[in-house]
Amino acid sequence: MDDGRVNHTLNELKSARERLASLEKDQLALADRLAAARRAQRRIGFYLLGLVILFSLVMAGAFTLLL
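Source: prediction; values computed, not measured.

A. The arrangement of the overall build of the chain in detail. When helices and strands are counted, the chain shows one helix and zero strands. For the chain, the C-alpha atoms occupy an extent of roughly 100 × 10 × 5 Å along the three principal directions. Counting every position in the chain, which comprises 67 residues, the buried fraction comes to 0%. A total of about 6500 Å² of accessible surface is found on the chain, and carbon and sulfur atoms cover 66% of it. Across the chain, 10 positive and 7 negative side-chain charges occur, with their mean positions spaced 14 Å apart.

And the structure:
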């Protein structure tokens, strides 16, 4: 009876170790995706800033042509 409990407990520990390893892999994958998303967000921010600057220059040029 004790051997059965020990074997059951060992099997549960092995299963928990495998689940932990799987969760660690998932965590690393999510961290990589988050880093990629942050890079993409930064790149989009730079594009938007460039568009705002370009729009400002066009408006300034149009205003100087009106004068």
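B. Representation of a positive patch on the surface within the structure. On the surface, Arg38, Arg39, Arg42 and Arg43 cluster together into a positively charged patch. Along the chain, the position of Arg43 falls in helix 1 (residues 2–66). With relative accessibility at 45%, the residue Arg43 sits in the partly exposed group.

Here is what the cut-offs are and how they apply
- Residues numbered from 1 in each chain as written.
- Predicted model: local features only at pLDDT ≥ 70, side-chain atom pairs only at ≥ 80, totals over all residues.
- Heavy atoms only, no water.
- Helix = DSSP H or I, 4+ residues; strand = E, 2+ residues; numbered from the N terminus.
- Buried < 20%, exposed > 50% of the residue type's maximum accessible area, 1.4 Å probe, protein only.
- Areas by Shrake-Rupley, 256 points an atom, 1.4 Å probe, with all protein chains shown as cover.
- Lys, Arg positive; Asp, Glu negative; His and termini not counted.
- Charge placed at Lys NZ, Arg CZ, Asp CG, Glu CD.
- Patch = residues over 30% accessible without salt bridge, like charges linked within 9 Å, V, L, I, M, F, W, Y side chains within 5 Å.
- Salt bridge = Lys/Arg side-chain N within 4 Å of Asp/Glu carboxyl O.

So, to be careful, I would describe these as geometric facts and stop short of saying anything about function.
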